Structures are given as C-alpha cells and as structure tokens.
Number of protein chains: 2
Amino acid sequence: MSGPKAAPAIAALPLTRPFIAPEELARRAGHAELLRLGANESAFGPSPVALKAMQRELPRTSWYGDPESVELREALAAEHGRAPGEITVAAGIDDLLGLAVRGYLAPGEVAVTTLGSYPTFAYHVNGYGGKLEAVPYARDGRVQLDALAETARRLHAKVVYLANPDNPSGSFASRADVEAFAAALPEDALLVLDEAYADFVPAGDLPANLGPNVLRTRTFSKAFGMAGARIGFALGTTQTVEVFDKIRLQYGVNRTAQIGALDALRDREFTAGVVAEVARGRAEYGALAQRLGLETLASQTNFVCFDLCTRERAEGALESLLTRGVFVRKPGAPPIDRCIRVTVGTAPERAQFAEIFAEVAGLART
Amino acid sequence: MSGPKAAPAIAALPLTRPFIAPEELARRAGHAELLRLGANESAFGPSPVALKAMQRELPRTSWYGDPESVELREALAAEHGRAPGEITVAAGIDDLLGLAVRGYLAPGEVAVTTLGSYPTFAYHVNGYGGKLEAVPYARDGRVQLDALAETARRLHAKVVYLANPDNPSGSFASRADVEAFAAALPEDALLVLDEAYADFVPAGDLPANLGPNVLRTRTFSKAFGMAGARIGFALGTTQTVEVFDKIRLQYGVNRTAQIGALDALRDREFTAGVVAEVARGRAEYGALAQRLGLETLASQTNFVCFDLCTRERAEGALESLLTRGVFVRKPGAPPIDRCIRVTVGTAPERAQFAEIFAEVAGLART
C-alpha cells in the first residue's frame, strides 16, 4: 500500500494489549455488567471529601488544569518529606513508567524486570526500543531480588523495575531487603520502584534509606479509589523531574483529578478505613481458600492470588468465573500463572464471590 | 555527578515549556485569579447534560475508564460517518500529536509546520528526535499552503502539520484549498490536520475529500468546554489507529471525560449556542478594535488576534494586561508576533476586557 508508513521501529512493534477491559469481557460473555474484582480498583470508591470537591469543580472543567500541579505537588511534598521539585505528577503510573523508560533507557539498552510483573513496564521498554530481561518469581510469588540485581549488574541494565508490593503476586519485600537491593544495583541504573500498593503497607515497613538512583511511583488509583481519574506521581530527584519535564505532556493530567487528589490526601480517616477493610477482606479470602482446600500467596495489597496448582486450572477458573459474571485476572507467567488474582471487594461483593468461587473451585478440582 | 543519566537523546533536549500556566502568571503578578482569556478555554463551560452525567458518575471514579472507549468511538463514528476502527481517543490533541510524531516520524526525519503555529507539535518533533522545518505565516496570519507543500516535497517530509482553523492566528483555509494542499503533499507523508477549532466553522466549509494520508485531530476542549477533562480524538484510517494502538497509553483517558464527552456530543443545542455566542463575541472584539484604531486578524475560532503593529507593543500590552489581572497570550513568531491573542469570553468578561484593553491600548500608542 502506498501512503504514510509508520516509522520502522514502530512498524516492527507487535500489536499487544496489556489488558483486555472488563467492558469488553462483559460484551464477550454476554453480561451487562460484571462483578469487578479483576483490575484492583478500589471497591470503596473515592473519599467523600474528594468527591465533593470534584463535583463542586466540574462546572469549571472548561478550564485547563495547572500543568505544573503546583498545589498538589506542595501537598505531596509535605506528606512525603520532599521538595516539590522532586515530584512529578502524571496521568497514573502507566504514564510515569513511559516517561522513565523514554527518559532513561536509550534504544538497545537493557531493562530488567520480574517475568510477569506489571506488564505496562514491558510495554514501554518494547515501545521505546529497549531490551527487556526478566527474572522469574520464586514459586511463592516473591521477587528474586538477588537474581534481579545480579542480572542488572551482568547486563549493565540502565533501568530496573521493582513493584513493591508486587502486582500481580501481591508479595512484599521488606524495607531492609529493598534498601539492600537498591544499593546492589549498578551505579548508573535507575531503579523504578513502583509503589502503587504502598498505601496498604504500614508506613514504617516501607523503605526509607534510598539513594538518588531510585524513582518511587505512587498512585491515587488504589487505596484512594481514583483509578478512573488517572493521576499518579513520582518521588525522584530534581534531576529526574527535569528529565520528565523535557518530555511529559504538559497538560496531561486532568483538572478534576488534581482537585480530587488534593482533597483525597487530606482525608486520612477515609483512607485508613479503606486499608483496614481491605485487610479484613484479605483475611476473608484466606479463610475462603482454606475452606476450599486451596492456598493463597501472601499479599500486602488489595488483592489476593488463589493458587489453583496448574495454569490450566487457573485458566479454567477464570473462564468459569467470567461465564458466571465475575471479572478477575490471572498472572501471565510461570511459576505464578497457576493462580487467579482477585481484588478485595466490599463485604457483599466478597460474599457473592465466595459463593460463586466455591462452585467454580469445586469444578476445577474434578 | 554519578548516578542514573538520561538517555543521550533526551539529555540533549532543551528544557522548554510550551505554555506558562495562568496559575503561575497569577502568582507572578500577585493576583489571586486572572480574567482567563489566554488559553482559548470555553467561557461557556461544559454542556449541562454532560455536566450532569459526569457528576452522576463521579462516585464510580474508582473504576478505570474503558481503555478502548468503545461507546464514545461508536458515537463519534456515527457523527463523522466513519467506522469506530478509524478513530483513536486520547488525552487531548497534545497526546495525539505525540502519538502521530512518534508513530510516523523516525529520528532524523523531517516534519514541516508553520513557524509559530501550535507549539506542542514542535515540542513532540524535537522530543522524538525529528527535524523541524517551518514556513512563516503570511503577514495577515494565513498559512502559506503552497510554500508548506513545496517545503514538504523538497525535504521529503514524513509528517506535515496544519492547524485549520489555525492557532494562534485564527485564520482558516477554505475547503478547496485544504483538499488541494493535502493532494499536493508527498505520497508517503502524513498530514496531521489539527481541527481543534473546527466546531466553530460551518460543517459545510470543512474539507471533505481527503485521502488516507490525512489524520484529523479534534477535541472536546474548545466548543464543548471540556479542556480540563483532557479528551480528544483523531479521525484516521484503520492503519493509523493500529499504529497508535501499539504505542498509546491504554488507560490514558479518564473515565469521567469519556462519559462527559459522550453526552456532550448529544447536546447539539448547547454547542450551537456556544458557537453562536462566540461569533457574537468575535464581532464585538472587531468593533472594539475599530474603536481603538486597531486591526484584527480574520478569525474562525473562539479567539481574535489584535494587531498592535510591533512585537514590542504587543509584549507591552501583554504585560500591562497581566498587571491589571488579565491573562491573554501572543503569537511567538514573526510576522504575527505583533499581535495579542484574546479568547472570546462571556459578555461580562468581554465588557471587562474592553474597558481594561482600551486603557492599555491607549498606553501602547504613546
């Protein structure tokens, strides 16, 4: 065909989709709506304080949001003991991962991640022409930090990705382990420490002594219940912020999200309640698994991986759940692709899931 | 300094900011708020129908939006006589321009634009390592289509940018002229036809017979009054949509924006009212200029360029207006950097501007 042709590096990319949307799965399965336990969205919605602020400000959605997110960055700086100039706000962690890869990984350079960890990192590494090297999870879903660091050193990786707590396994590496890991990386490698689920971890358990080689990414999508608003931020250095400022979409973050995020930060009581309820839900899922004769992977997030022993059974369970109107996902790579990953819902949603899953797990065993 | 270093191509980029935000200008000038006539935001807000839908759906902002924007793309397809597979939804035209440049301009290849036209296109060309060639405006603010096409052919440009109606000049090239221009470009060049302001032009005056080499970008930021929501779309081919699908942020568009856009499309009466009021406002600005002994550039948008004859006077007027609490912008490149660009506000905003500008224009003449 004549006509415009994609740039060669882009033309060579595969057409992949990191996630099939629940809306599309619902259409395929012939359901009007699904029990949404697949995307680790918060079942508890946004803070009522944030909601009120967003509703109040919607008539001014004709105005662009502040491209520098000054107020929000000041609030985040106070919250995290940083300077505003060490913080970048973007349209969720997906956006930040793209900026980190584009900013710090030249085409042909090596990035290291865990095989089957959050796929959008891999999406960006491929998309920007990097080489991706992946280290498998341990059988219990823990990230193999020593092997990850060793691989990064051996291959002179320029970007290393660690999600902690991890998605999709839910596993958590201790403060000391992450601090040691960050220190064991090549000096010129950027560690992207994806802490999307950090709000579910007691603050004292999070790493503290991290050097300027670490970029921590956070989001309002999980404990803050604002996934649909697309807003996240990175805690880095003035250098990383400046690199991002050279390439980010200046008006990439919508105004309502910025306003909601600011008020969400202030409503600590609400977030603490969500975190407590999520912990209850995790315990419930653990008890459910036990009743069904299943194991779960240890989780410090708002989801739990149920171990179905084989990939085939996990895939079968996923399919059976979808048929019954339940949307969950599963890890994509061994050894944890034998699991299904279930978001902690509200108490009624958990009860509904327990009932349907008992039936499905019974089938899976036969 | 040791530690992570930006990829060389990114490190070499200048730290530029296409636009200083009104929030920052207000802080600098010591005003709590400015009369916002500088960013071509709609003074008439979003449609009440869209507003109601967004307010209703905000409690579900804990859910991700549909990454495929299926419903919205179907509605847009019906509206524009296209297939949904020929439409990409993204976080505003800024996002789409980045995808077009990244997708179709390999590093080192040439893109052509008008000198001083919408700067985010140039931002992306530089950011992705392209070479930018720019053709000046005519003295009256019209885009020199013949020179643009000739330059594109001579330099084997792979991407050509035309904003029509143009920003910041406001000028409009006729349907026949744009159709001839698109046909005169190199066969393998992508024409990015930025139609952010097309809603202010009678539909019959817009180009219709365009080939598959044209990607038209549209937005909900202007006539639809949803700039802060960050949502726009491109009308292309299944090929361009597939290229964008390889590299776009899958969850880049927030849920509330998608829902608002869908209902905004249905509220034709509201948009028609905005367009009519904007036309009245343009005429008022024309009359104001005449009273002040000034010319304006012809505009088919929601803004008007007032001709202050020299760059120095235009800069002085911008500064004087800001001191008095009025935010406007000015074109950045000759020959139209002798103008200031003023968004059409509401009737009271226009009256306020007229009063302050009369004072400022008087000063500028002395």
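Residues numbered from 1 in each chain as written. Chains lettered and ligands numbered in written order. Predicted model: local features only at pLDDT ≥ 70, side-chain atom pairs only at ≥ 80, totals over all residues.

Student: Would you take a moment to explain the relation of the copies chain A and chain B for this structure?
Tutor: Least-squares fitting of chain A to chain B yields an RMSD of 0.0 Å, with the superposition described by an axial translation of 0.0 Å and a rotation of 180 degrees. Read as a symmetry element, the transformation amounts to a two-fold axis. If distances are taken from each C-alpha of chain A to the rotation axis, the shortest is found for A:Q55, at 2.9 Å. Mapped onto chain B, 100% of the interface residues of chain A again fall at the interface, so both copies present the same surface. (Least-squares fit on C-alpha atoms with pLDDT ≥ 70 in both. Contact = placed C-beta atoms within 7 Å.)

Student: For this particular structure, what's the right way to read the sheet that holds strand β10 (residues 303-307) of chain A?
Tutor: Across a sheet, strands are paired by hydrogen bonds formed along the backbone, either parallel or antiparallel in direction. All names here are of chain A. Strand order in the open sheet made by the 3 strands is β9-β10-β12, with antiparallel pairing throughout. The two strands at the open ends of the sheet, each matched to only one other strand, are β9 (295-296) and β12 (339-343). One ladder, built from 2 bridges, connects β9 with β10; its direction is antiparallel. Across the sheet, residue E295 finds its bridge partner in β10, namely D307. (Pairing = 2+ DSSP bridges. Helix = DSSP H or I, 4+ residues; strand = E, 2+ residues; numbered from the N terminus.)

Student: Explanation requested: the packing of helix α5 (residues 93-104) of chain A against helix α9 (residues 238-247) of chain A in the structure shown.
Tutor: All names here are of chain A. Following both chains from N to C, one finds α5 and α9 inclined at 95 degrees, their axes separated by 10 Å at the closest point. Judged by the angle between their axes, α5 and α9 are roughly perpendicular. Where α5 abuts α9, its residues L99, R102 and G103 lie against V243, F244 and I247. Of the residues assigned to the contact of α5 with α9, the class counts are 4 nonpolar, 1 polar and 1 charged. (Axes fitted to C-alpha atoms, helices over the stretch in contact; angles between N-to-C directions. Parallel < 35°, antiparallel > 145°, perpendicular 65-115°, else oblique. Nonpolar A, V, L, I, M, F, W, Y, C, P; charged D, E, K, R; others polar.)

Student: What is the right way to look at the interface of chain A and chain B in this model?
Tutor: Many authors give the size of an interface as the accessible area that is lost as the parts come together. If you look at the interface, chain A gives 74 residues, while chain B gives 74 residues. Elements that contribute at least two residues to the side of chain A that touches chain B include exactly α1 (8-11), α2 (22-29), α3 (48-57), α5, α9 and α10 (255-266) of chain A. Considering each element in turn, the side of chain A that touches chain B owes the most residues, 6 residues, to α5(A). Of the residues contributing to the side of chain A that touches chain B, the split by class is 36 nonpolar, 19 polar and 19 charged.

Student: Whenever I open this one, the sheet that holds strand β10 (residues 303-307) of chain B confuses me. Can you help?
Tutor: Residues and elements named next belong to chain B. Pairing in this open sheet of 3 strands is antiparallel, and the strands run β9-β10-β12 from one edge to the other. At either margin of the open sheet sits one strand with a lone partner, and together these are β9 (295-296) and β12 (339-343). Where β10 lies against β12, 5 bridges are found, and the strand directions are antiparallel. Bridge pairing links C305 to R341 in β12.

Student: What should I look at first to understand the nonpolar core in this one?
Tutor: Here is a general trend for soluble globular proteins: nonpolar side chains tend to be buried in one another's company. Core analysis: the largest hydrophobic core is formed by 228 residues, its most contacted members being A:V159, A:V160, A:L191, B:V159 and B:V160. Residues within four places of A:L191 in sequence aside, it is in contact with A:V160, A:L162, A:A182, A:L185, A:N213, A:V214 and A:L215. (Core = buried A, V, L, I, M, F, W, Y, C linked by C-beta atoms within 7 Å. Buried ≥ 20, exposed ≤ 12 C-beta atoms within 10 Å, placed from the backbone.)

Student: What should I look at first to understand the environment of A:F181 in this one?
Tutor: Residue position: A:F181 is located in helix α8 (residues 175-184). Along the sequence, A:F181 and A:L318 sit 137 residues apart, while their C-alpha atoms lie 35 Å from each other.

Student: When you look at the pairing of strand β4 (residues 131-135) of chain A in this model, what are you seeing that I'm missing?
Tutor: Regular strands place their side chains on alternate faces of the sheet. Residues and elements named next belong to chain A. Relative to β4, strand β3 (residues 110-114) is paired through 5 bridges, and the arrangement is parallel. The residue bridging T113 from the neighbouring strand is A134, located in β4. After leaving β3, the chain enters helix α6 (residues 119-127) and then returns to the sheet as β4, a path that is right-handed. (Right-handed = clockwise from strand over helix to strand, strands pointing away.)

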